[in-house]
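Observations on the model geometry
Chain residues, written in single-letter form:
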Amino acid sequence: MGKRILLKGAILVDPSQEINDYRDLLIADGKIIDIAPSLEIYEDDVEVIDLEEKVIIPGMVDLHVHLREPGERARETIEDGLTAAIAWGITSVCCMPNTLPAVDNYMMVEYIKGKAHQANLGHLYTVGALTKGRAGQEMTDYASLIDAGAVAFSDDGNYVDNGLLMWNIFKYLVPFRKLVVSHCEDSSLVGKGVAHDGYYASVMGLKEIPRVAETVAVARDTLLAQATGGNLHIAHVSCAGTVEWIRWAKENGIKITAEVTPHHLLLTEECLEGFNTMAKMRPPLRSESDRQALLEGIRTGVIDIIATDHAPHKWEDKDCLFEEAAFGVSSLDYAVSLLLTELVHPGIISLDELVNIYSCKPAALMGLPAGTLCKGAVADIAVLDLHAVDTIDSNKFYSRGRNTPFDGRHIKGKPVMTFVEGELKMKDGKVFK
Ligand SMILES: [Zn+2]
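Residues numbered from 1 in each chain as written. Predicted model: local features only at pLDDT ≥ 70, side-chain atom pairs only at ≥ 80, totals over all residues. Heavy atoms only, no water.

Remarks on the overall build of the chain
Within the chain one finds 13 helices and 21 strands. Compactness check: the chain gives a C-alpha radius of gyration of 21 Å against a globular reference of 22 Å for 433 residues, within 12% of the reference. Each of the three principal axes of the chain carries a C-alpha extent, and together these read 65 × 50 × 45 Å. By residue count, 61% of the 433 residues in the chain fall in the buried class. Within the chain, contacts between residues at least 6 apart in sequence are counted, and of these 75% link residues at least 24 apart. Within the structure as shown, the chain displays about 16500 Å² of accessible surface, and the carbon and sulfur contribution to it stands at 50%. Across the chain, the mean location of the 42 positive side-chain charges is 3 Å away from that of the 62 negative side-chain charges. (Helix = DSSP H or I, 4+ residues; strand = E, 2+ residues; numbered from the N terminus. Rg over C-alpha atoms; globule rule 2.2 N^0.38 Å. Buried < 20%, exposed > 50% of the residue type's maximum accessible area, 1.4 Å probe, protein only. Contact = heavy atoms within 4.5 Å. Areas by Shrake-Rupley, 256 points an atom, 1.4 Å probe, with all protein chains shown as cover. Lys, Arg positive; Asp, Glu negative; His and termini not counted. Charge placed at Lys NZ, Arg CZ, Asp CG, Glu CD.)

Notes on unusual backbone geometry
Pro70 follows Glu69 through a cis peptide bond whose omega is 10 degrees. By the secondary structure assignment, Pro70 is in the loop between strand S8 (60-65) and helix H1 (78-87). Residue Leu100 is joined to Pro101 through a cis peptide bond whose omega torsion reads -5 degrees. With respect to the helices and strands, Pro101 occurs in the loop between strand S9 (90-95) and helix H2 (106-119). Backbone geometry at Arg134 places phi at a positive 55 degrees, although glycine is not the residue there. Structurally, the position occupied by Arg134 is in the loop between strand S10 (123-129) and helix H3 (142-148). Accessibility expressed as a relative area gives 16% for Arg134, which makes it buried. A positive phi angle, close to 55 degrees, is found at Asp309, a residue other than glycine. As for its position among the elements, Asp309 is in the loop between strand S17 (305-306) and helix H11 (315-318).

Encoded structure:
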């Protein structure tokens, strides 16, 4: 047995075991080997870490990030993206296949695995492309992508407009039991739209993306999943109508799950004021009533999980006319702190609920060995200081992308240690590679 680590004196919040209480954890060989209200071990080969007044949770699991490699290293690299994740308590991430070229064959999955291995930080899982080149014309070779390690399939960034192709994709993927992650925006309804079709788009003269562009797309995929028995996961839900559709689908036994991003939970179209390109994203930020519906969605379980849709961009991608700016938010940095500050501290959701929807449920949904700190589980752990205060400064991001609408916000609560397979990978903001 290798070196043992004893984490002592913290409160463990682990919804997978329904624990929110004092627990000591003993770690060896990358796993949790014992867990009890109090463990007293006086042996030389045990390193004791005193975590009084801290909270231990299973490391967060983010199913939707863009790491831009290969092809766009100026925007992000796998190493920098994984560094940002580790620095902020996220120990497993799934990267989306809209790289250049797209992840549409097994060699690309191998390439990404190699990069993640080199980085030696958290766990990285790859989402393979649904169609070749993400062009929406032809299926990729799912079996070989899965053999290489693809955990799900998506053309994220694009909606698969061809209904017949999508019908076949659902049918084809059923025996593989892999999720089809759908970026639901009907492209003809989005057109050249750049903002929600509300007050701000109209006074600013911006081309609009109506709510129905999303809900129509969700409706079609929901019905195709129902007809084929396919496993549908809806990426980044943005509006109330979609939440209603998903509720209906779940009530009718359709295999559907859904995610929401921190920015759609915390912001509205108001952020567009002053032609703020940092608030430009797809789907767009919508109205306060939509935001409330999304919050209600996570409270009721209609929306299953939180995922960041981390979309790092270069400065010049955002430092331009609103119409020309890139869509997306660099989100791995501070995501956990923002959710603690804006949702947990005000009592909108409990810490248990946050851990459940940003660690336990995403891991279970994707079938990843994460999201629990039960005896025998992989020791992927985040240690939180719920009282630490800070101000968001995008210049201090670990990600290469500094494009955030949250700059200057005060936060309360942050991860102060991150363990991956029992190894300390971050302490007080310092990341060990
Ligand atoms: Zn997307």
